[in-house]
Amino acid sequence: MKKSVLIASLALAVFSATGAAIQSVAPANAQVVATQGVKVHEIDLKGAMNVRDLGGYRTTDGKTIKRGRIIRSASLANLTKADQQKLTRTCNLKYDVDLRTPMEMKAAPDPTMAGVDFIKDPVFKNVNTSSNQTITDKTMEQGYTNFVTTKQARTAYHNLFTTLLNNKGNSAVLYHCSAGKDRAGAGTIFILSALGVKKLTIVDDYLATKGVYEKHYAQLKKSGASQKELQTVKALEDVKPAYINATYSAVKKHYGTMDNFLNKGLRVSNTDIAKLRAMYLK
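Rules of the game
- Residues numbered from 1 in each chain as written.
- Predicted model: local features only at pLDDT ≥ 70, side-chain atom pairs only at ≥ 80, totals over all residues.
- Heavy atoms only, no water.
- Buried < 20%, exposed > 50% of the residue type's maximum accessible area, 1.4 Å probe, protein only.
- Helix = DSSP H or I, 4+ residues; strand = E, 2+ residues; numbered from the N terminus.
- Pairing = 2+ DSSP bridges.
- Salt bridge = Lys/Arg side-chain N within 4 Å of Asp/Glu carboxyl O.
- Axes fitted to C-alpha atoms, helices over the stretch in contact; angles between N-to-C directions.
- Parallel < 35°, antiparallel > 145°, perpendicular 65-115°, else oblique.
- Left-handed = near helix turned anticlockwise from the far one by under 90°.
- Contact = heavy atoms within 4.5 Å.
- Nonpolar A, V, L, I, M, F, W, Y, C, P; charged D, E, K, R; others polar.

Visitor: If you had to explain the pairing of strand E7 (residues 172-176) to someone new, which residues and values would you point to?
Guide: Strand residues, when the strand is regular, have side chains that alternate between the two faces of the sheet. For E7, a buried count of 5 out of 5 residues is recorded, marking the element as mostly surrounded by other parts of the structure. Burial of the side chains of E7 extends over both faces: Ala172, Leu174 and His176 are buried on one face and Val173 and Tyr175 on the other. As paired strands, strand E4 (residues 70-73) and E7 are joined by 4 bridges and run parallel to one another. Within the sheet, the bridge partner assigned to isoleucine 71 lies in E7 and is leucine 174. Bridge count between strand E5 (residues 93-98) and E7: 5 bridges; the pairing is parallel.

Rendered as structure tokens:
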């Protein structure tokens, strides 16, 4: 097996009980991606993909998320020096919250950036790297359910909110996993919900990731990946409404409403939410 395929095979872990992971490839150069009614502001970095500023989204009460304050991303392991300077100087990055497993962090560590606090915040403890399990939509939906139902995940997202609350001035908080769509995607659902963004916009933001990974899939195919490996990659890199709906369904089943989940599941109080809105909305 070629090295690039082997790396992807190991990193694209079984998602049923833990989470999905992929290796980073160069992002598209587009700064703004139009999707179903939303504009996604992409931060162009050479060594990371799916790096997006949540600023610009409108809330149900007519306010807007401030630009340059909350950033979601895929793996940062391959950042160039120029990328790091862009994040620290242009984006004023203060916190790098890593949602990956300890194994992923060790295999592809984030670079140390001057003035940036690195926070280990694993959503799942381990990743199953078995190459024999078939990844299906049902597998992925179970993973998205686990974001709500597992204590480890809820603790990680509580910690992410704590970091957002501790952020000072006009600094930025960046949170990421490996692909920037599953664990980081769930974090985005919860953050945007807390800030008062409507569900349709949140779903559109999630679906905007579709297409980001087409280049990665094409690269693996060109490198000689087997059909089974390509099927696994496609399953783990895809974004579908059914996946995000599994998270919403789990919230409804176990907590009734998103507000209850934020309060009771993630231990983010109404006072915390009011503070977040004062900090990040205009």
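Past the structure itself, the notes keep going.
Visitor: Residue-level account of the pairing of E4, with values.
Guide: Burial along E4 is two-sided: the face carrying Ile70 and Arg72 and the face carrying Ile71 and Ser73 are both buried. In the sheet, strand E3 (residues 52-53) pairs with E4 via 2 bridges, with the strands oriented antiparallel. Looking at the pairing, aspartate 53 lines up with isoleucine 71 of E4.

Visitor: Could you give an account of the pattern of salt bridges, with specific residues and numbers?
Guide: A complete count under the given rule lists 9 salt bridges for this structure. Across the salt bridge formed by arginine 72 and aspartate 205, the nearest N and O atoms sit 2.7 Å from each other. Here arginine 72, found in strand E4, pairs with aspartate 205, found in helix H7 (residues 199-207); they are 133 residues apart in sequence, far enough to count as distant. In this structure aspartate 205 comes out as buried when scored by relative accessible area, which is 1%. One salt bridge connects lysine 94 with aspartate 117, and the closest N-O pair in it is separated by 3.6 Å. Placement of lysine 94 in strand E5 and of aspartate 117 in strand E6 (residues 117-120) is noted, with a sequence separation of 23 residues between them. Connected through salt bridges with shared partners, the residues Arg52, Arg72 and Asp205 form a single ionic network.

Visitor: Account for the packing of H7 against helix H10 (residues 241-255), naming residues and giving values.
Guide: Any two packed helices are characterised by how steeply their axes cross, that is the angle between the axes, and by the distance between the axes. As a packed pair, H7 and H10 sit with axes 10 Å apart at the nearest point and diverge in direction by 135 degrees. In terms of axis orientation, H7 runs oblique to H10. Crossing of H7 over H10 shows right-handed handedness. On H10, the residues that touch Lys199, Ile202, Val203, Tyr206 and Leu207 of H7 are Pro241, Tyr243, Ile244 and Tyr248. Looking at the contact of H7 with H10 residue by residue, the class counts come to 8 nonpolar, no polar and 1 charged.

All we've got here are geometric facts, nothing functional implied.
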